[in-house]
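# An overview of the molecular structure
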Amino acid sequence: VQLQASGGGLVQPGGSLRLSCVASGSGFSINAMGWYRQGPGKQRERVADTTSSGSTNYADSVKGRFTISRDNAKNTVYLQMNSLKPEDTAVYYCTAEVRRGAEVAAFWGQGTQVTVSS
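Here the structure is a predicted model, which is why all the values come from computation and not from measurement.

### Side note on the confidence of the model for the chain
When pLDDT is averaged along the chain, the result is 95, and 100% of the positions lie at 70 or above. Mean pLDDT values over the elements of the chain span from 94, in strand 10 (residues 103-108), up to 98, in strand 11 (residues 112-116).

Here is the structure:
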C-alpha cells in the first residue's frame, strides 16, 4: 500500500489550501485516515483524523479552521485548511490504518510542504 500526498505550497496568512492523499495498492481496506504535521524544530503532531464511519477528531490548534474528509470509494483523504497562520507551516503527512486479512498496519505518505508566509 502506498500513500501519495499532494496540495502543499506557499500561501499568505489567512489563505487556504487543500491537501489530498490517495492510498493505492490491492487487497486492502482502510480503517482510519488522518494527517500529521512536523514544523521546523518541532515534534510531529496529529492534526486531524477520520474513521471509516466518518467521525472526526481535530487538534485544538486547528479546530474551526481545518476540515478533514474522505472519499472511501477513492481511498482518499482530504484536509481543507482555511485561515492559515504562519505557525501552520510544516511538512504535512497523511497516514492510514490499513487492514489486509487479519493484519492491521499503519502506512505513511511522503509528506507535502505547507508554508504560510507573507
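Moving on from the model shown.
### Overview of the environment of Phe66
The residue Phe66 is located in strand 7 (residues 66-71) in this model. Separated by 63 residues in the primary sequence, Phe66 and Leu3 have C-alpha atoms spaced 21 Å apart. Non-local contacts of Phe66, meaning those with residues more than four positions away in its chain, are made with Arg37, Val47, Tyr58, Leu79, Gln80, Met81, Asn82, Leu84, Asp88 and Tyr92.

### Comments concerning the pattern of salt bridges
Scanning all chains against the criterion turns up five salt bridges. Between Asp49 and Arg46 there is a salt bridge, with its nearest N and O atoms 3.2 Å apart. Asp49 sits in the buried class, given a relative accessible area of 19%. Across the pair Asp88 and Arg65 runs a salt bridge, and its minimum N-O distance is 2.7 Å. Residue Asp88 is found in the loop between strand 8 (76-81) and strand 9 (90-100), and its partner Arg65 is found in the loop between strand 6 (56-58) and strand 7; the two are separated by 23 residues along the sequence. Arg65 carries the same exposure label as Asp88, and that label is buried. Overlapping salt bridges bring together Arg37, Glu45, Arg65 and Asp88 as one network.

### Points about the sheet that holds strand 1 (residues 2-6)
In space, the four strands of this open sheet follow the order 1-3-8-7, with antiparallel pairing throughout. Bordering the open sheet on either side are strand 1 and strand 7, each of which pairs with just one other strand. Each neighbouring strand pair of the sheet contributes to a mean axis angle of 15 degrees, computed without reference to strand direction. When strand 3 (residues 17-24) meets strand 8, the two strands line up antiparallel, connected through six bridges. What sits directly across from Ser20, in strand 8, is Tyr78.

### Some remarks on the state of the cysteines
Under the defined criterion, the tally for this structure stands at one disulfide. In this model, Cys21 is linked to Cys94 through a disulfide, with the two sulfur atoms separated by 2.0 Å. Handedness here is read from the sign of the S-S torsion; for Cys21 and Cys94, about 50 degrees, the answer is right-handed. Residue Cys21 is found in strand 3, and its partner Cys94 is found in strand 9; the two are separated by 73 residues along the sequence. No difference in accessibility class separates Cys21 from Cys94, as the two residues are buried.

### Some points on the side chain of Arg65
You can call Arg65 buried: its relative accessible area is 11%. Discounting residues that sit within four places of it in the chain, Arg65 has contacts with Gln80, Met81, Asn82, Ser83, Leu84, Lys85 and Asp88.

Here is what the cut-offs are and how they apply
- Residues numbered from 1 in each chain as written.
- Predicted model: local features only at pLDDT ≥ 70, side-chain atom pairs only at ≥ 80, totals over all residues.
- Heavy atoms only, no water.
- pLDDT = per-residue confidence, 0-100.
- Helix = DSSP H or I, 4+ residues; strand = E, 2+ residues; numbered from the N terminus.
- Contact = heavy atoms within 4.5 Å.
- Salt bridge = Lys/Arg side-chain N within 4 Å of Asp/Glu carboxyl O.
- Buried < 20%, exposed > 50% of the residue type's maximum accessible area, 1.4 Å probe, protein only.
- Pairing = 2+ DSSP bridges.
- Axes fitted to C-alpha atoms, helices over the stretch in contact; angles between N-to-C directions.
- Disulfide = S-S within 2.5 Å.

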